[in-house]
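Chains, contacts and geometry: an overview
Each chain is listed here by its residues.
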Amino acid sequence: MSRLPLAVANWKMHRTPDEAAVYAERFRERMAPHAADLDRRFEVAIAPPFPALDRLGRALSGSGLALAAQNVHPELEGAFTGEVSRGMLEALGCRYVLVGHSERRQLFGEDDAFVAAKVKGLVGSSVRPILCVGETLAERERDATLEVVGRQLGCVLDAAGDALGSRLVVAYEPIWAIGTGRTATPELAQDVHAGLRERLVDRLGGIGREIRILYGGSVKPANAGELLARPDIDGVLVGGASLDPDAFAAICTENA
Ligand code: 13P
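Below or above, wherever it landed, is the structure these notes cover. (Residues numbered from 1 in each chain as written. Predicted model: local features only at pLDDT ≥ 70, side-chain atom pairs only at ≥ 80, totals over all residues. Heavy atoms only, no water.)

Moving on, we get to the packing of helix α6 (residues 112-120) against helix α8 (residues 145-164). With their axes 9 Å apart at the nearest point, α6 and α8 run at an angle of 20° to one another. One finds that α6 runs roughly parallel with respect to α8. In this structure, the crossing between α6 and α8 has a hand that is right-handed. Touching D112, V115, A116, V119 and K120 of α6 are R151, Q152, C155, V156, A159, A160 and L164, all from α8. Class assignment for the residues of the contact of α6 with α8 results in eight nonpolar, one polar and three charged. (Axes fitted to C-alpha atoms, helices over the stretch in contact; angles between N-to-C directions. Helix = DSSP H or I, 4+ residues; strand = E, 2+ residues; numbered from the N terminus. Parallel < 35°, antiparallel > 145°, perpendicular 65-115°, else oblique. Left-handed = near helix turned anticlockwise from the far one by under 90°. Contact = heavy atoms within 4.5 Å. Nonpolar A, V, L, I, M, F, W, Y, C, P; charged D, E, K, R; others polar.)

Here you go:
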């Protein structure tokens, strides 16, 4: 089963629309020598903050590079101050949206049921969910990693697994590796990815082998290659290093 590798830049709360346009110009320059058949070898998406989506989308237009959002509300519209709907993301041409990032879960109180409702809300949409799962250091130390990520994934599969099929993307991001410079070793990451794969196949059969599982947590040019070489690591979700267009382009092109 060949799964098209996917690299996603998560800018978190960084970059204005003007800064996004400057980034896009530099990033496209860096990607240009690889552009001809890149889309058949490696898919690339960038998730800026909401205010920069429109500008970045225009700046990426015609490049084959995809636009992603960092969050979405489960409802189609309504009195939800500060929230953004799937239709708004569709209108901006987003191909992906992050759902259940650990920062949303930890800092904004999103629980498994809310995350599952968000993913369910994307059934039938052109915007595909990237479901983030991951354990805390305390959970890893008491050997609960697979139980935690299995629960986080299971809720989403129960709510929308059959309807989404291979449109679902999963991202394993151990919380202790996010923004800490402490990357999971490729072996350790592969173990968790294999556990997630087993659950996907148990629940969805062959489709589970088509679903991409990304790794995130202190990914940089120096470690992306060894992570991507593992059989169940189908891409990367990059925070800090993706703010530098040269570094993110190196991750994308050196591994394509
Ligand atoms: P860092 O790459 O900065 O560790 O962030 C990872 C992350 O949270 C991406 O979603």
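Let us now look at the pairing of strand β1 (residues 6-10). Each regular strand carries side chains that alternate between the two faces of the sheet. The buried fraction of β1 is high, at five of five residues. Burial along β1 is two-sided: L6, V8 and N10 facing one way and A7 and A9 facing the other are all buried. Looking at chain direction, β1 and strand β2 (residues 43-47) are connected through five bridges and run parallel. Bridged to L6 within β2 is E43. Two elements, β1 and strand β8 (residues 235-238), share four bridges in a ladder whose sense is parallel. From the neighbouring strand, V8 faces β8, where its bridge partner is L237. (Buried < 20%, exposed > 50% of the residue type's maximum accessible area, 1.4 Å probe, protein only. Pairing = 2+ DSSP bridges.)

Quick look at unusual backbone geometry now. The phi dihedral of K12 falls on the positive side, at around 50°, and the residue is not glycine. Not every positive phi belongs to a glycine, and D143 is a case in point at roughly 65°. With respect to the helices and strands, the residue D143 is situated in the loop between α7 (137-141) and α8. Look at D143 and you get exposed, because its relative accessible area is 72%.

Another point: the site of the ligand. Every residue near the ligand is listed here: N10, K12, H101, E173, A177, I178, G179, G217, S218, L237, G239 and G240. Take E173: an N or O atom from its side chain is 2.9 Å from an oxygen atom of the ligand. In isolation the ligand has 310 Å² of accessible area, and contact with the protein removes 95% of it. Here the residues of the shell around the ligand sort into three nonpolar, seven polar and two charged. (Near = heavy atom within 4 Å. Polar contact = N/O pair within 3.5 Å; in protein donor to acceptor, adjacent residues only side chain to side chain. Areas by Shrake-Rupley, 256 points an atom, 1.4 Å probe, with all protein chains shown as cover.)

Here the focus is the sheet that holds β2. Around the barrel, which closes on itself, the eight strands sit in the order β1-β2-β3-β4-β5-β6-β7-β8 with parallel pairing between neighbours. Between one strand and the next, the sheet's axes are offset by a mean angle of 25°, whatever the strand orientation. Bridge count for strand β7 (residues 212-216) against β8 is two bridges, and the pairing is parallel. Its bridge partner lying in β8, Y215 is registered against V236. Running at roughly 150° to β7, helix α9 (residues 186-204) makes contact with β5 (128-133), β6 (169-172) and β7 of the sheet.

The subject of this paragraph is the pattern of salt bridges. By the definition in use, this model includes 20 salt bridges. Note that D18 and R55 form a salt bridge whose closest N and O atoms lie 2.6 Å from each other. Linking D18 in helix α1 (residues 17-31) with R55 in helix α3 (residues 53-60), this pair joins segments that are 37 residues apart in sequence. You can call D18 partly exposed: its relative accessible area is 49%. We note a salt bridge from R197 to D234, for which the minimum N-O separation is 2.8 Å. You can see R197 sitting in helix α9 and its partner D234 sitting in the loop between α10 (221-228) and β8, a full 37 residues away along the chain. The burial state of R197 is the same as that of D234; both residues are buried. (Salt bridge = Lys/Arg side-chain N within 4 Å of Asp/Glu carboxyl O.)

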